[in-house]
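Each chain is listed here by its residues.
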Amino acid sequence: MATVLVLLLLLSSTLAFFLPMTGVKTAASSFFLPMTGVKTASLLTMQQTKGFSSGGAALLVSELTVFVPGLTEPILSDVNLRVEPRTKWAIVGVNGCGKSTLLKSITGQLDDAATADFSGGDGDSGGGGRGIALGENERYGYLEQTSVSGKTSTVMQECKLGMEQLTKTQAKIDELTKRMESGDISDKTVQSLADAEFLFNSLGGYTQEAEVQTILKGLGFEEKDNERLCSEFSGGWQMRIALARLLLSKPSLLLLDEPTNHLDQSARAWLANYLRSYDGTIIIVTHDIGLISSVCTSIANINKGKVQVFKNMNYDQFIQERQRRALAAQTAYENNLMEAKKLSDFVAKWGASATKRTVAEDRRKKLNRMREQGLLDPPDVSFSLERKPMMAFSEAAKSIPDEALLQMRSVDIGYRGESSPLLRNVNLNIRPGMRLLIRGSNGVGKSTIVKAIQGLSEVEVKGGISISKSLAMNVFNQDCAQELNASLNGIQILVDEVRSQDISITNQRIQGVLGALGLSDEAMTKTIGQLSGGQKARVALSKFVLRRANLLVLDEPSNHLDIETLDTLIEALKAYESDKKVKRAAIVIVSHDSNFCKRLDLTHVATVVAGGILVEERSLRDDDFDAVPVTSTAEDKEDVKHMRNEEEDAKTRKMRLNAPRRISKLEKEIAEKEASLSLLIDEMNTAGYDYEQLIILQRQREVLEEEIEKKLTDWELVSEMLIYK
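Since this is a predicted model, take the numbers as computed values, not measurements.

J.: What is the right way to look at unusual backbone geometry in this model?
T.: For residues besides glycine, phi is generally negative; the peptide bonds are generally trans as well. One non-glycine residue, Lys304, lies in positive phi territory at about 55 degrees. In this fold, Lys304 is placed in the loop between strand 10 (298-303) and strand 11 (306-310). Look at Ser410: it is not a glycine, yet its phi comes out positive at around 50 degrees. Examined against the element boundaries, Ser410 turns out to sit in strand 12 (residues 406-415).

Set out below in structure tokens:
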């Protein structure tokens, strides 16, 4: 009997693999386990208003107003937002406008001192009543923009925690299996096992390992990283682990706050493609125009506490429509004022006339109606366009003509205490007038080079390095905002740190730069600890702009800067010394943001890969932001050595020359095997209850899938050879 039961279980498992993924319902009480940095919860922990229904929407926000400490006006006022199932939204606006606050309001995670109110407004949210409501049976997952703390679990273990429903279903299958092996073969137990197997298959249980690996690889992890502890990774890579876990949990409503921060171009492209085909509702807070353009089909713009909705529009259409609405509102307002003046003049002139008194009275009533209807009030602030911040860098510090500001000659760069350097044989010559982009995947050493340029003590540099006596360096990096003194306000910080270098910097100049970057008078007087992350970034950027230097170093400047401020930074960098025949300063940029880099007038491009760096005197190419491999094997390092010396041995040259033909052959073999696999699956689906045949076919399928995977690996390895061409 035991043997028969085991065979039945095996066959039911095999059959379940082919069952259609329909009819699976997710209970409203389903929830994900909490993780630092990834906030996921059930409907019961949502900021959901009791008795308020979404009216069929995935998410409904009606007449939400949010107050935060330190502000005299609400940061969000009378917000109305209806998000339909399976739509993809971007929330945009300047730093500090309340984008992250809106997500926290939705998820019920506002800071203790902040309050949400639903008592005012006349907005039509489409659902009736006021409050926040999540659709029936919706599950949400929330990724904050703050980094996760280190975990003692491995990367693979952490990712599987996101697949909680699978884990629970597997546990139920194990329990029911043991029960049947113990002799319980009642109809109820057998049916329960069949239901559990059906759900397990529908959730992708039989492809769990492959799915985890696919997402980790897409986000830049190598297979060898699977068993590494999360605590071994930097904050940026821990954010990737958190993002992978959230994606694997497959919530029906995905809330993402700046998901592309810390992602290189390859991972950004993969994420955009994944989200574009995601079978669920997505709301993204981001400054990444590329991500918005690729994924989002509707936009909510926050401006001065108000939210304007732009449904069924991509980013370019949103920009045009926002401009049109602003101009239309201003034009209507001005026309109404002109009409009101005519009415008022007529009443003043003929109000006392016996013959025209009746006409004058009609016009007085019309004028009053215009006032009552608000037609004479200025346009709502949500219709106004954000003021584009303007700024210019302080004059460059003097440099010695024809002398390099900093030069590295065949140096090895690594971290103190590490057994081997991260980068070898680095040659870098930074001269006035150079505008250098350092590109490469995360983890290859771009920021390490920047730290070496800065001369930070944590980095060890072995070899010849020369620094000009005239060098005056100014750095803007991902940590600048966090390094500001939290107890001082922006004006105090700039007075202390900028005026100590240049006493000619006046308070008026300081306030002018802060104001140009969008900080209000109120924000200028608040301590850094009271500012939002975006506002802190603007203070740090003001410091960067005001300090005189002849070497500007920017490490991932687009992180945490809103679209308008980033646009202003680009214009300021392009204008920097553009009118000087003899340049004093150089600019070094590390960035994964293709939209940012393509707008700069670069003179040099450096590629960091496989423990080396190649510097080329050229402008940016269209393919510079295609995937750059993260390689660390001996063979890859040897390839970089050949690339660096512009020479190859006969064997390598032959392999590279044969690569296109080899790729074509592999693609043909892969296509043939995939076609065979498709036919095999069809045969399995028509095998009915021929269990012995199903088992044989399943084994054949596993062999085919393994062969396809091997061919794909070979294809990737050969393709990489062309990257170094």
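Moving on from the model shown.
J.: Please clarify how the pattern of salt bridges should be interpreted in this entry.
T.: It is possible for side chains bearing opposite charge to pair when their charged atoms get close. Enumeration according to the criterion identifies 26 salt bridges in this entry. Salt-bridge contacts for Lys451 lead to Glu458; the nearest nitrogen and oxygen are separated by 3.3 Å. Lys451 gets classed as partly exposed once you look at its relative accessible area, which sits at 24%. Overall, Glu458 belongs to the partly exposed group, its relative accessible area being 39%. A salt bridge links Arg599 to Asp567; the nearest nitrogen and oxygen atoms lie 2.5 Å apart.

J.: Please clarify how the packing of helix 10 (residues 315-350) against helix 11 (residues 357-372) should be interpreted in this entry.
T.: How two helices pack is summed up by the angle between their axes together with the distance between the axes. Contact geometry of helix 10 with helix 11 gives a least axis separation of 9 Å together with a crossing angle of 145 degrees. Where helix 10 crosses over helix 11, the handedness of that crossing is left-handed. The residues of helix 11 that touch helix 10, namely those facing Asn336, Glu339, Ala340, Leu343, Ser344, Phe346, Val347 and Trp350, are Arg357, Val359, Ala360, Arg363, Arg364, Lys366, Leu367 and Met370. Along the lines of polarity and charge, the residues of the contact of helix 10 with helix 11 split into 9 nonpolar, 2 polar and 5 charged.

J.: Explain the packing of aromatic side chains here, please?
T.: Aromatic rings in a pair are described by how distant their centres are and how their planes are angled relative to each other. Taken as a whole and judged by the stated rule, the model has 9 aromatic pairs. Judged by centre distance (5.1 Å) and plane angle (25 degrees), the ring pair of Trp270 and Tyr274 falls under stacked. Of this pair, Trp270 and Tyr274 both sit in helix 8 (residues 265-276), separated by 4 residues, roughly a single helical turn. Like Trp270, the residue Tyr274 is buried in the burial classification. Ring geometry for Tyr274 and Tyr278: centres 6.0 Å apart, planes at 45 degrees, overall tilted. Judged on exposure class, the residue Tyr274 and its partner Tyr278 are both buried. Among the aromatic residues, those joined into a ring-pair cluster are Phe393, Phe476, Phe544 and Tyr576. One residue, Arg228, lies across the ring of Phe233, its end atom 4.1 Å from the ring centre. The cationic tip of Arg363 hangs over the ring face of Phe346; the distance from NZ or CZ to the ring centre is 4.0 Å.

J.: Any chance you could explain empty space enclosed by the protein here in plain terms?
T.: The probe, sized like a water molecule, is rolled over the atoms to show the empty space still left. Enumeration according to the criterion identifies 6 cavities of 30 Å³ or more in this entry. Size it by volume and the second largest cavity reaches roughly 60 Å³.

J.: In this structure, what is going on with the pairing of strand 14 (residues 435-439)? I would like to understand it.
T.: Two faces make up the sheet, and in a regular strand the side chains alternate between them. Counting buried residues along strand 14, 5 of its 5 residues qualify, which places the element largely inside the surrounding structure. By the alternation rule, side chains of strand 14 split into Arg435, Leu437 and Arg439 and Leu436 and Ile438, which are all buried. In the sheet, strand 14 pairs with strand 18 (residues 586-590) via 4 bridges, with the strands oriented parallel. Counterpart to Ile438 in the pairing with strand 18 is Val590. In terms of strand pairing, strand 14 meets strand 19 (residues 604-609) through 4 bridges, oriented parallel. Residue pairing across strands places Ile438 opposite Ala606, the latter belonging to strand 19.

J.: Is there a simple way to explain the sheet that holds strand 20 (residues 612-616) in this structure?
T.: Neighbouring strands of a sheet are bound in pairs by backbone hydrogen bonds; such pairs are parallel or else antiparallel. Read across the open sheet, the 6 strands follow the order 16-17-18-14-19-20; overall the sheet is mixed. Here the strands that pair on one side only, and so sit at the sheet edges, are strand 16 (473-476) and strand 20. Averaged over all adjacent pairs, the angle separating strand axes in this sheet is 15 degrees, with direction ignored. Relative to strand 18, strand 17 (residues 551-555) runs parallel, the two being bridged by 5 bridges. Bridged to Leu552 within strand 18 is Ile587. The strands touched by helix 16 (residues 533-546) within the sheet are strand 16 and strand 17, with strand 16 carrying the most contacts at an inclination of about 165 degrees.

What counts, and where the lines are drawn
- Residues numbered from 1 in each chain as written.
- Predicted model: local features only at pLDDT ≥ 70, side-chain atom pairs only at ≥ 80, totals over all residues.
- Heavy atoms only, no water.
- Helix = DSSP H or I, 4+ residues; strand = E, 2+ residues; numbered from the N terminus.
- Salt bridge = Lys/Arg side-chain N within 4 Å of Asp/Glu carboxyl O.
- Buried < 20%, exposed > 50% of the residue type's maximum accessible area, 1.4 Å probe, protein only.
- Axes fitted to C-alpha atoms, helices over the stretch in contact; angles between N-to-C directions.
- Left-handed = near helix turned anticlockwise from the far one by under 90°.
- Contact = heavy atoms within 4.5 Å.
- Nonpolar A, V, L, I, M, F, W, Y, C, P; charged D, E, K, R; others polar.
- Phe/Tyr/Trp six-rings, centres within 6.5 Å; stacked < 30°, edge-to-face > 60°.
- Lys NZ or Arg CZ within 6 Å of the ring centre and 35° of its normal.
- 1 Å grid on protein atoms, 1.4 Å probe; cavity = no way out; pocket = protein on both sides within 12 Å on 5 of 7 lines; lining within 4 Å.
- Points joined across faces, edges and corners; volume = space filled by probe spheres on them.
- Pairing = 2+ DSSP bridges.

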